[in-house]
Amino acid sequence: MEAGMKTDFDRVVGEITRNYISDEVFVAKDNRRLPGRSNIILLIKRLRSLMFPGYFEEKNFEYADAKYFVGNTLNSIRRELGQQVETALLYTKESHTREQIAAQAQEIACHFIGRLAEIQAMLLKDVQAGFDGDPAAKSRQEIISSYPGVFAIFVYRMAHELYLRQVPFIPRVMTEYAHSRTGIDINPGAEIGSYFFIDHGTGVVIGETTKIGDNVKLYQGVTLGALSTRKGQMLAEVKRHPTIENHVTIYAGATILGGQTVIGANSIIGGNTFITESVPPYTKVSLKAPEMTFRADPPQENSNEWWDWVI
């Protein structure tokens with residue numbers, strides 16, 4: 001390495017090293033580490049196999065072996081989840097002893113396991129909502145195996161349970177993994193009722209303090225967001241996102257903002273609308289159709305004027 005290049009190289013090494021020392025975000029505290037993202041993704045895959053057996057494995061699922069499969073999978077989930085929760089708590093709860101954190105992690109893992117049958121029942125309702133609401137769907141099996149909205153909702157329902165127990169890091173890693181896979185961004189803190197379906201899905205955003213009732217359907221590009229986040233961390237724990245009551249349909253591209261905004265039950269929100277105020281129940285909201293002007297005398301073929309439309 002030439003002398004000038006080495007001097008510059010040494011300078012960069014020194015500056016980056018100093019950055020490590022100056023900010024704790026770069027270096028684990030007291031040799032503590034964060035939960036492993038790959039471990040959390042593996043946990044999601046095991047949970048999906050448990051919730052929908054036979055869909056995502058190479059071998060067929062046999063009902064004769066159901067008890068063994070469920071017991072073995074639950075043990076694996078409890079063990080791995082307990083380890084990852086313990087790692088997350090160790091990183092954030094410096095005043096607690098390792099014994100206290102280990103006990104809390106196991107309690108959280110056991111509570112989570114105890115909730116899985118109820119979550120599975122909710123997921124089956126979500127699948128049914130997808131089948132009932134999409135005439136292109138050929139079967140519930142097709143929805144489970146191929147619809148991105150169902151995968152995003154499945155991951156959200158798992159992550160939400162851990163969010164409710166104030167588990168750090170893991171719930172957000174889970175939902176961001178689903179986000180990267182589907183383009184659907186559901187914060188684990190959102191409250192979502194039963195029989196929920198996201199059709200197509202790409203570009204959907206559901207913020208942390210959103211509340212969604214039962215029998216709600218969203219289409220692609222819907223944003224349920226905050227009206228303003230300029231105050232940053234001062235808004236933590238404040239309701240920033242809208243409330244969507246029961247039996248509401250929100251069409252593609254609609255944006256609904258604000259913690260005080262309530263979309264009343266049995267309402268229909270049209271595509272590309274922008275809403276920052278509450279909507280009463282049984283209301284249809286839509287944009288006026290834009291006025292279009294078409295020229296009656298189209299130019300000759302290959303003319304440069306062909307694209308000179310007035311809209």
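Procedures and definitions
- Residues numbered from 1 in each chain as written.
- Predicted model: local features only at pLDDT ≥ 70, side-chain atom pairs only at ≥ 80, totals over all residues.
- Heavy atoms only, no water.
- pLDDT = per-residue confidence, 0-100.
- Contact = heavy atoms within 4.5 Å.
- Core = buried A, V, L, I, M, F, W, Y, C linked by side-chain atoms within 4.5 Å.
- Buried < 20%, exposed > 50% of the residue type's maximum accessible area, 1.4 Å probe, protein only.
- Helix = DSSP H or I, 4+ residues; strand = E, 2+ residues; numbered from the N terminus.
- Lys, Arg positive; Asp, Glu negative; His and termini not counted.
- Salt bridge = Lys/Arg side-chain N within 4 Å of Asp/Glu carboxyl O.
- Pairing = 2+ DSSP bridges.
- Expected span 1.5 Å × (residues − 1).
- Bend = angle between axes of the 7 residues up to and from the residue.
- 1 Å grid on protein atoms, 1.4 Å probe; cavity = no way out; pocket = protein on both sides within 12 Å on 5 of 7 lines; lining within 4 Å.
- Points joined across faces, edges and corners; volume = space filled by probe spheres on them.
- Axes fitted to C-alpha atoms, helices over the stretch in contact; angles between N-to-C directions.
- Parallel < 35°, antiparallel > 145°, perpendicular 65-115°, else oblique.
- Left-handed = near helix turned anticlockwise from the far one by under 90°.

### Concerning the confidence of the model for the protein chain
Of all residues in the protein chain, 88% have pLDDT values of 70 or greater, and the mean over the chain is 89. Within the model, pLDDT remains below 50 along residues 306-311, and this stretch shows five contacts once partners closer than five positions in the same chain are excluded.

### A look at the nonpolar core
Formed by 41 residues in total, the largest nonpolar core has its most connected members in L47, F154, M158 and M174. In terms of residues, this core owes the most to one element, helix α4 (residues 98-133), which gives 10 residues. Not counting residues up to four positions away in its chain, the partners in contact with M158 are L47, M51, F112, L116, I119, L123 and M174. Within the second largest apolar cluster, 25 residues are counted, among which are Y156, V204, I244 and I263.

### Thoughts on the side chain of E80
Among the secondary structure elements, E80 is positioned in helix α3 (residues 66-92). Although E80 lies buried, it forms no salt bridge, and the closest oppositely charged side chain, R46, sits 4.6 Å away as judged by the N-O distance. What E80 contacts, discounting residues up to four positions off in sequence, is N39, L43 and R46.

### Description of the pattern of salt bridges
Scanning all chains against the criterion turns up eight salt bridges. Here R165 makes a salt bridge to E107, at a shortest N to O gap of 2.6 Å. Of the two residues, R165 sits in the loop between α6 (148-164) and α7 (170-182) while E107 sits in helix α4, which places them 58 residues apart along the sequence. In this structure R165 comes out as partly exposed when scored by relative accessible area, which is 26%. The exposure class assigned to E107 is partly exposed, which follows from its relative accessible area of 39%. In this structure, the salt-bridge partner of E208 is R240, at a minimum N-O distance of 2.7 Å. Within this pair, whereas E208 is found in the loop between β4 (205-206) and β5 (211-212), its partner R240 is found in the loop between β7 (223-225) and β8 (243-244), the two being separated by 32 residues in sequence. Looking at E208, the relative accessible area reads 23%, which means it is partly exposed. Take R240: its relative accessible area is 15%, and that puts it in the buried class. Salt bridges linked by common partners bring D8, R11 and E15 together as one network.

### A closer look at the sheet that holds strand β10 (residues 255-257)
Pairing in this open sheet of five strands is parallel, and the strands run β1-β4-β7-β10-β13 from one edge to the other. The sheet terminates laterally at β1 (185-186) and β13 (274-275), the two strands that pair on one side only. Relative to β4, β1 runs parallel, the two being bridged by two bridges. Counted as the bridge partner of D185 is V205 from β4.

### A word on α4
In this model, α4 (36 residues) spans 49 Å end to end at C-alpha, consistent with the 52 Å of a helix rising 1.5 Å per residue. Largest kink in α4: about 40°, centred on L116.

### Some thoughts on the layout of surface pockets
Looking at the largest pocket, its volume works out to about 660 Å³. If you trace the largest pocket, you find 21 residues lining it, with Y163, N187, G189, E208 and E237 closest to the centre. Among the elements of the structure, α6 and α7 are those that each provide at least two residues to the lining of the largest pocket. Per-element accounting of the lining of the largest pocket gives the leading share, three residues, to α6. Lining the second largest pocket are 20 residues, and of these L50, M51, F52, P53 and Q120 lie nearest its centre.

### As for unusual backbone geometry
One non-glycine residue with positive phi stands out, namely F169, at about 70°. Classification of F169 as partly exposed rests on a relative accessible area of 34%. Although it is not a glycine, N272 sits at a positive phi angle of roughly 65°. Mapped onto the secondary structure, N272 falls in the loop between β12 (268-269) and β13. Among the residues examined, N272 registers a relative accessible area of 56% and is labelled exposed.

### As for the packing of helix α2 (residues 37-51) against α4
Two elements in contact, α2 and α4, have axes whose closest approach is 10 Å; the angle formed by their N-to-C orientations is 60°. Taken together, α2 and α4 sit at an angle that is classed as oblique. Classified by chirality, the crossing of α4 by α2 is right-handed. Counting all contacts with α2, which are made through L47, L50 and M51, the residues of α4 involved are F112, L116, Q120 and L123.

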